[in-house]
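Survey of secondary and tertiary structure
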Amino acid sequence: MRPGKLEKEPYNVIIAGVGGQGNVLLSGFIGAALVNEGFMVSVADTFGVSQRGGSVASHIKISRKTLYSSVTLKGKADLLIGMEPVETLRSLAEFGNPGIISIVNPRPFYPSGGVAYPDLGEVRRAIERMSSRTSYVNVTEEALKMGNPIYSNIILLGAVIGAGVLPLGEESIFPLLAERFPGEILEINLRAFRKGIELVS
Amino acid sequence: MANIATLKPGSTCLLMGNEAVARGVLEAGAGVASGYPGSPSSEVIPALAEAASQTDIYVEWSTNEKVAVEVAAGGSFAGIRSFCVMKQNGANVAADFIVNLNMTGIGGGGLVIFISDDPGGGTSNNEQDSRTIAKWIDNPLMEPSSAQEAKEMIKWAYEVSEAVNLLTFVRGVGRISYTRSNVVPGELPRKAQPEAVFPEIWDRNNPRKSRFTSGPFPVFHAPLHEKLEKAREIFETSPFNSYTGPEKPELLIIACGASTSYCIEGVNELNLEDRVSVLKLGTTWPLPEKLVAKHLKTTCKVLFVEEMDPFVERSVMELAAALLPETAHLTFFGARSGHLTPYGELSTDSVIGALADIMGITYQPRDRAYEEMCVEAAALVPGRPINMCPGCPHRATYWAVKNGLSLDGRNGFVCGDVGCYSMGFAGPGFYQARTMHAMGSGTGLASGLGKLGRFGLDQPVLAICGDSTFYHAVMPALANGVYNNSNFTLLIADNSATAMTGFQPHPGTGQTATGEPAKVVELEAVCRAMGATVETCDPFDLPKTIDTLLKMMAEESGVKVVIMRHMCQLVKGKRKIAPSWKMHVDGSKCLADACGCHRLCTRLFGCPGLMVDGETGKAAIDEALCAGCGLCAQICPAHAIIGEEV
Ligand code: SF4
Ligand code: SF4
C-alpha cells in the first residue's frame, strides 16, 4: 500500500496482544499518523481489567469518507498485527478471513495460573493457514538485545510500516516519535523503529 | 496525549472520547471541574488538570462522587459554570445529594455531569444503567454517539442546564469514552469567568436565585415538572436528534449513544439503505415526544437499539400506548422481543443479527471452510486469566494473608472491596477475598460480622481496602466498627495511588490533581484518632507481615488496622524506579514437577514473571516480564529462586 492510498474502504486493522505489552501505544501511533494523513479513524482498545495480563486487542478502522464505529465486524479484518502467537490466533478465529495479512511476534507470553500453552508449532501453522500472508518478526528478542523489552512495540511499529501494509510511510511516524520521546530517549527509539523496518526488508 | 488546552481550533486531532469531553468543558467556559476516578471515565479530570495551567479552570479529584458533585454545585450556586465526572457506580454515591439538587435547582452557572457507563463490565463490578437516575429525579439527559458529538453535547448541555435551571446529565459508555477518533476542536472562550459570589441577599421575590434549600418541597416539586416540560420542548428541535433513511421505511430503528453507528453500519452491510431508516436520539430524557410520534406514523415496525436497560424502548412504548389507536399497527422489536439483550455491550454484529432476523435476510460473513478453521483455532486457544502485575504488592499482601490465616487455623476470612485488590477473589489473590460489593463495603460487612461472636462466630474477620477507597467510603465504616466495639482487622493496601484507574493522586499522596503539593491526610493518624490499633508493614517482608497479622487476629476485641505499605509497581515503573533484585532460578535446586502443589511458583503463586522452561522443565524467570521485586525468592520451598540485590 502506498502512503496516502487506501486499498479498501473501510480498512480494518487489529493489534492483538497481552495486557501490559503496550498495544495502546502502538495503536495510538498508527491512529495519530493516519489522522495527520487526512484519514477518518476510529481506534478502540480493550480497556479495563484485561489490561492486567488478560488478552487485549486494539481495533483501528480507517476510511477516507466517514467515521465508522470502532469495533471490527466478525470476519472482516484486513490486517492483523499480532504481538503474541496465541493472541493472534484468537483474533483470527473471530475476525479473520481468507484475505487477511498477519504480522506476528512469534514470542509466546505464557498465561498465568497454570493455564497450559498449546504447541507453538501448531499455533503457527494455524495462523499461516488462516492468513493470506504471514510474516514473523522477532520483536521481543530484538528488544531484549537492545536492553529492554519495552522497545518491542516500536520495533513492531517499524516492521508494520516497513511491510507497506498501511497507507503510511516512515515520514508519517518520525515526527510522532520525536513528540513522544523527547530528549535522549528519542535516539534509541528511532533505532528500534529502524530495526523493525530492517526486519521486514 | 496532547494538552487539550493547546489544540488548534479547526484542526483535526485524534482524541479519546474522555479527552473530547474535557475539551468540551473548556470550550463551554466552565470554571470548576471535579470528579472521582473510575473507569471508563477516569481520563477526563487528568486532561482538564493538565489544561489548568493554560486556562483559569479549577480542577480537583474529590474524595468521592458525592463530594465531587457538591463541589461542582457550589461553583454553580456562586454563578460559575461547573462540571463533574464519574463512572456509573459513582452516580449511586452522588445520588443522595442529586435527589435534593433537583428540588433546589442550580445557581447562576450551568451544571453538567458526565457519567460513563460500562456495558460489558470490562472495568467494573456491575453493569448498571445510570440513565435511570435522570428519569428518577426529573432532570434532562443526553447521550453522545461519538467523541466529536460528546464535545459538542457538553457545550450544549450548559445551555440547556441554564435555560431550565437544572443539573443536566451527559451519559457516555466505555466505547465512547475510550475510542480515539477524529475530533475538530472549537474555539476556547476569551471571556474571563464571572466574579463568583454566593447570593448574599435574601430576595423575597426571587427565592430561587438566592436560596438553595430542598424544602419546603411542596413549593419546588410542581415547578420541577414545569422545568422538565420546558426541557422536552427544547429537545424537540435539538440538533443532536437526526434522521437518515427513506421517508416511509419498512423498519424504523430508534437508536442512541454508541449504538447509533452500529445501526448505520449494519444497515449498510446488509444493503438495507432503501428499506430501513435510523432515528438517532441524542436527547433521551425527557423524550422528545412530538419528534418520535411523527416518525412512528411513517412505519409499521420499530427496532430499538440501545445498550443495557430498555430505557428509550420503554419511553417510546409508553408514548405509543398514549397515542392509541393511531399506533395500533406498530410492531416493536428490541430487548423486549429478545432481538437484542438488555445486558452486555452491543456491536454492529448484534444489530446485524437483529436486522437479518426481522428483515428475513441470511448473513454469512465467511464461507463454511474458513468458519471450520476458525472453530478449530478457537479450540486451540487457551483462556488468559487476568492477573496482578509482576511485582504487585497486592500479591505479597494476599500471600501473607493466605499464610497468616492458615497458621492461625480458625478459618478466618477476608471481606473484599473494589480496586486492583478485587482480584483477590480469584487465583491472583489465592481466593482470599470472599466478598465484593461497593466501595467501602468490605469494612462495613466486617463491622457487622465482627459483632457475631455472641452467636458463635469464632472465625477471625478481616477486611481489605485500598488507600483511595479508604478515603472514599471506608472511613464511616471504620468509625462504625470502633464505635460499636466490633472485632475485626482491616488491611489497608496502601500502594500510594488509585492504581486500578490510572494512578491518580488522592488525599494520602501529598499532591493535588493539578500537581500542587497538598497536606497528607495520614492513614495511620486517621485510624489511630478513630480509636483503632494500628501497625504498618511492608508486605514484601513476608515474615514480619505474617507475624503482625497473627498478632492482630489473636486480639480478642476491638478494631485493628494493618497498613500494607508498598508502592504500586506500575507507579515505580512510571517514576523509573529501578528493580531491586536481579532474579534467576538455580535449575539444580528446582524441584519442578515434584514441587508442592505441582509447581508452587507458577501454579499457585502465579506471578507472570515466572514460567516453566520448555527444555529443562524447571522454573525460569521471564526476563521480559519480571519486575525484580524479589518476592518469589521468599516463597520457593527449595530456595531455587535466587535474587541478587542490584
Ligand atoms: S522454583 Fe521453587 S517453587 Fe518454583 S517449581 Fe522450582 S522448587 Fe517449586
Ligand atoms: S521477582 Fe519474582 S515475584 Fe517479583 S516480579 Fe520477578 S518473578 Fe515476579
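Predicted model only: the values in this text are computed from it and were never measured.

Moving on, we get to the site of ligand 1. Every residue near ligand 1 is listed here: Cys 590, Leu 591, Cys 595, Leu 600, Cys 601, Ala 619, Cys 636, Pro 637, Ala 638 and Ile 641 of chain B. Within the shell around ligand 1, the residues separate by chemical class into ten nonpolar, no polar and no charged.

Before going further, it helps to examine the domain arrangement of chain B. Split into domains, chain B comes out as domain 1 (13–200 + 209–217), domain 2 (242–359), domain 3 (393–574) and domain 4 (581–645). Just the C-alpha atoms count here: the centres of domain 1 of chain B and domain 4 of chain B sit 48 Å apart.

Moving on, we come to the sheet that holds strand β3 (residues 55–63) of chain A. Read from one edge to the other, the open sheet built from eight strands follows the order β6(A)-β5(A)-β4(A)-β1(A)-β3(A)-β2(A)-β8(B)-β1(B), with strand pairing classed as mixed. Unpaired on one side and paired on the other, β6 (133–136) of chain A together with β1 (13–16) of chain B mark the two borders of the sheet. Adjacent strand axes in the sheet meet at a mean angle of 20°, parallel and antiparallel pairs treated alike. Of the pairings in the sheet, the one linking strand β5 (residues 101–104) of chain A to β6 of chain A comprises four bridges and is parallel in character. Bridge assignment links Ser 102 of chain A to a residue of β6 of chain A, and that residue is Thr 134 of chain A.

To continue, consider the packing of helix α1 (residues 23–36) of chain A against helix α5 (residues 152–162) of chain A. Residues and elements named next belong to chain A. Closest axis-to-axis distance for the α1/α5 pair is 9 Å, and the angle between their directions is 40°. Here the hand of the crossing between α1 and α5 comes out right-handed. Contacts between α1 and α5 involve Leu 25, Leu 26, Phe 29 and Ile 30 on the former and, on the latter, Asn 153, Ile 154, Leu 156 and Leu 157.

Moving on, we come to the nonpolar core. Ranked by size, the top nonpolar core spans 65 residues in total, and within it Phe 470, Leu 490, Ile 492, Val 561, Phe 605 and Ile 641 of chain B carry the most contacts. No other element matches helix α15 (residues 393–408) of chain B, which puts six residues into this core. Apart from the residues lying within four places of it in its own chain, the contact partners of Phe 470 of chain B are Cys 465, Met 475, Leu 478, Leu 490, Ile 492, Leu 523, Val 526 and Cys 527 of chain B. Membership of the second largest hydrophobic core comes to 46 residues, among which are Ala 143, Ile 155, Leu 177 and Leu 190 of chain A.

The next thing to look at is the interface of chain A and chain B. Bring the parts together and some accessible area is lost; that lost area is often taken as the interface size. With 64 residues of chain A at the interface, the matching set in chain B holds 53 residues. Summing the contributions of chain A and of chain B, the shared interface buries around 4800 Å²; its carbon and sulfur component is 60%. Counting across the chain A and chain B interface gives seven salt bridges. A salt bridge links Arg 384 of chain B to Glu 84 of chain A; the shortest N-O distance between them is 3.3 Å. At the junction of chain A and chain B, the tally comes to 21 residue pairs in polar contact (both at pLDDT 80 or more). Sort the elements by how many residues they give to the side of chain A that touches chain B and helix α2 (residues 85–95) of chain A lands first, with eight residues. Tallied by class, the residues present in the side of chain A that touches chain B amount to 33 nonpolar, 19 polar and twelve charged. Bridge analysis of strand β2 (residues 40–45) of chain A against strand β8 (residues 180–183) of chain B gives two bridges, and the strand direction is antiparallel. The residue bridging Val 43 of chain A from the neighbouring strand is Arg 180 of chain B, located in β8 of chain B.

The rules behind each value
Residues numbered from 1 in each chain as written. Chains lettered and ligands numbered in written order. Predicted model: local features only at pLDDT ≥ 70, side-chain atom pairs only at ≥ 80, totals over all residues. Heavy atoms only, no water. Near = heavy atom within 4 Å. Nonpolar A, V, L, I, M, F, W, Y, C, P; charged D, E, K, R; others polar. Domains from an automatic or database assignment. Pairing = 2+ DSSP bridges. Helix = DSSP H or I, 4+ residues; strand = E, 2+ residues; numbered from the N terminus. Axes fitted to C-alpha atoms, helices over the stretch in contact; angles between N-to-C directions. Left-handed = near helix turned anticlockwise from the far one by under 90°. Contact = heavy atoms within 4.5 Å. Core = buried A, V, L, I, M, F, W, Y, C linked by side-chain atoms within 4.5 Å. Buried < 20%, exposed > 50% of the residue type's maximum accessible area, 1.4 Å probe, protein only. Buried area = accessible area lost by both parts, 1.4 Å probe. Salt bridge = Lys/Arg side-chain N within 4 Å of Asp/Glu carboxyl O. Polar contact = N/O pair within 3.5 Å; in protein donor to acceptor, adjacent residues only side chain to side chain.

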